[in-house]
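One letter stands for each residue in the lines below.
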Amino acid sequence: MSTYAIGDIQGCYKEFRKLLKEINFNKKKDTLWLAGDLVNKGPKSYDVIKYVMDLGSNAITVLGNHDFFLMASYYKLDPWPYKKNNFDDILSHKDSDQIVSWLRKQKLIHLDDELGHMIVHAGIYPKWKIKEMLSMAFLIEKELQSEKCKQFIKTLWCNKPDSWNQNLTKQEKLIFATNVFTRMRYLKNDLSLDFSEKLSPKEVSTSLLYPWYEIDSEIYNKYRIIIGHWSTLDFYEKENLISIDTGCVWGNKLTAIKLLSNKKIKRFQVKC
Ligand SMILES: [Mn+2]
């Protein structure tokens, strides 16, 4: 009855199965939290997603930007015509409808009050109260499950609004929150979202950008936040954060952490 979290798999099926073996994952008893970006770039997106789907309620997936990209491509929205995807194995498969309807039922955040951990693909907006974070995740999940899903996904491919305030329209709040949960890395001085910098804070020379997790938040009092998405951070741990995208698809490592009590963890990795 253990709970593990695994970082971005991105179609690296072989490494994913190797890691499950390494942690001795018991499909019937253990629970797997997946940090999102199950698909794209790696060779076997279909195999990864099918395996996770077959785990049923023993796997909890939070959606990443590449998972949204897959849904947008399925709906032929072509949000980034200049970006080549590598998930045609899903799009051309007879199960593609079933896979996208499964993706539409996944979450943006997952929390466990007892363990004191939560997982999200990219991050949380530090100025949100817990209640705001929960309600934004809920509203996005509701849009995905509704008949308006395609229209909702169509609105997402933009960087505005990049600032949060209570006067935003519902649609603007949904766009902002989806970008926070699935794409954010840095905030600017005025706490607006930056979308261009992907390097780690060690490699970034400007002092005008702050990693979002360096900004105080009441959310950290309750949860230690597990994220994927930021492979240049590599494995990175601090009091309020554990970053577990260790760049498997770039030939580095795939990481799992076992969630223990008192916000402690144990780390497992396989080479990719
Ligand atoms: Mn990502």
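Residues numbered from 1 in each chain as written. Predicted model: local features only at pLDDT ≥ 70, side-chain atom pairs only at ≥ 80, totals over all residues. Heavy atoms only, no water.

(A) A look at the sheet that holds strand β1 (residues 3-6). Read across the sheet, 5 strands follow the order β3-β2-β1-β12-β13 without closing on themselves; strand pairing throughout is mixed. In the strand order of this sheet, the two ends are held by β3 (59-61) and β13 (265-271), each with one partner. Neighbour-to-neighbour, the strand axes of this sheet turn through a mean angle of 20°, independent of strand direction. Both strand β2 (residues 31-34) and β3 contribute to a ladder of 3 bridges, which runs parallel. Counted as the bridge partner of W33 is I60 from β3. (Pairing = 2+ DSSP bridges. Helix = DSSP H or I, 4+ residues; strand = E, 2+ residues; numbered from the N terminus. Axes fitted to C-alpha atoms, helices over the stretch in contact; angles between N-to-C directions.)

(B) Spatial organisation of the pattern of salt bridges. In this structure the tally under the stated criterion is 9 salt bridges. Linking E218 and K129 is a salt bridge whose minimum nitrogen-to-oxygen distance equals 3.9 Å. One end of the pair, E218, is in the loop between β8 (209-211) and α9 (219-222); the other, K129, is in the loop between β5 (117-120) and α6 (130-145), and 89 residues separate them in sequence. Using a relative accessible area of 49% as the deciding quantity, one classes K129 as partly exposed. The residue K170 makes a salt bridge to E143 at a minimum N-O spacing of 3.5 Å. Separated by 27 residues along the polypeptide, K170 in helix α8 (residues 170-182) and E143 in helix α6 bring together distant segments of the chain. Here the salt bridges do not stand alone but share partners, grouping K50, K94 and D95 into one network. (Salt bridge = Lys/Arg side-chain N within 4 Å of Asp/Glu carboxyl O. Buried < 20%, exposed > 50% of the residue type's maximum accessible area, 1.4 Å probe, protein only.)

(C) Expanded view of the pairing of strand β9 (residues 224-227). Residues of β9 alternate between two faces, with R224 and I226 on one and I225 and I227 on the opposite face, all of them buried. The pairing of β5 with β9 spans 4 bridges and is classified as parallel. Paired with V120 across the two strands is I227, which belongs to β9. Note that β9 and strand β11 (residues 241-243) share 3 bridges and pair parallel. Each bridged residue has a counterpart across the sheet, and for I225 the counterpart in β11 is L241.

(D) Quick look at unusual backbone geometry. Put simply, K160 and P161 share a cis peptide bond, and its omega is 0°. Tracing the chain through its elements places P161 in the loop between α7 (149-155) and α8. The backbone phi angle of D78 is positive, close to 50°, even though this residue is not glycine. Within the secondary structure, D78 is located in the loop between α3 (65-74) and α4 (88-91).

(E) Region of interest: a positive patch on the surface. Residues R17, K21, K27 and K28 make up a contiguous surface patch of positive charge. Considering the arrangement of structural elements, one finds K21 in helix α1 (residues 13-22). Judged by relative accessible area, K21 falls into the exposed class, the value being 71%. (Patch = residues over 30% accessible without salt bridge, like charges linked within 9 Å, V, L, I, M, F, W, Y side chains within 5 Å. Areas by Shrake-Rupley, 256 points an atom, 1.4 Å probe, with all protein chains shown as cover. Lys, Arg positive; Asp, Glu negative; His and termini not counted. Charge placed at Lys NZ, Arg CZ, Asp CG, Glu CD.)

(F) Broad picture of the sheet that holds β8. Strand order in the open sheet formed by 3 strands is β7-β6-β8, with antiparallel pairing between adjacent strands. Edge positions in the open sheet fall to β7 (193-194) and β8, since each of these has one partner strand only. Looking at chain direction, strand β6 (residues 186-188) and β8 are connected through 3 bridges and run antiparallel. Looking across to β8, one finds that K188 is bridged to L209.

(G) How the structure looks around the layout of surface pockets. Within this model, the largest pocket holds a volume of roughly 520 Å³. Along its surface, the largest pocket is lined by 26 residues, and N65, H66, R185, K198 and H229 are the ones closest to its centre. The leading source of residues in the lining of the largest pocket is α3, at 3 residues. A per-class count over the lining of the largest pocket returns 6 nonpolar, 9 polar and 11 charged. (1 Å grid on protein atoms, 1.4 Å probe; cavity = no way out; pocket = protein on both sides within 12 Å on 5 of 7 lines; lining within 4 Å. Points joined across faces, edges and corners; volume = space filled by probe spheres on them. Nonpolar A, V, L, I, M, F, W, Y, C, P; charged D, E, K, R; others polar.)

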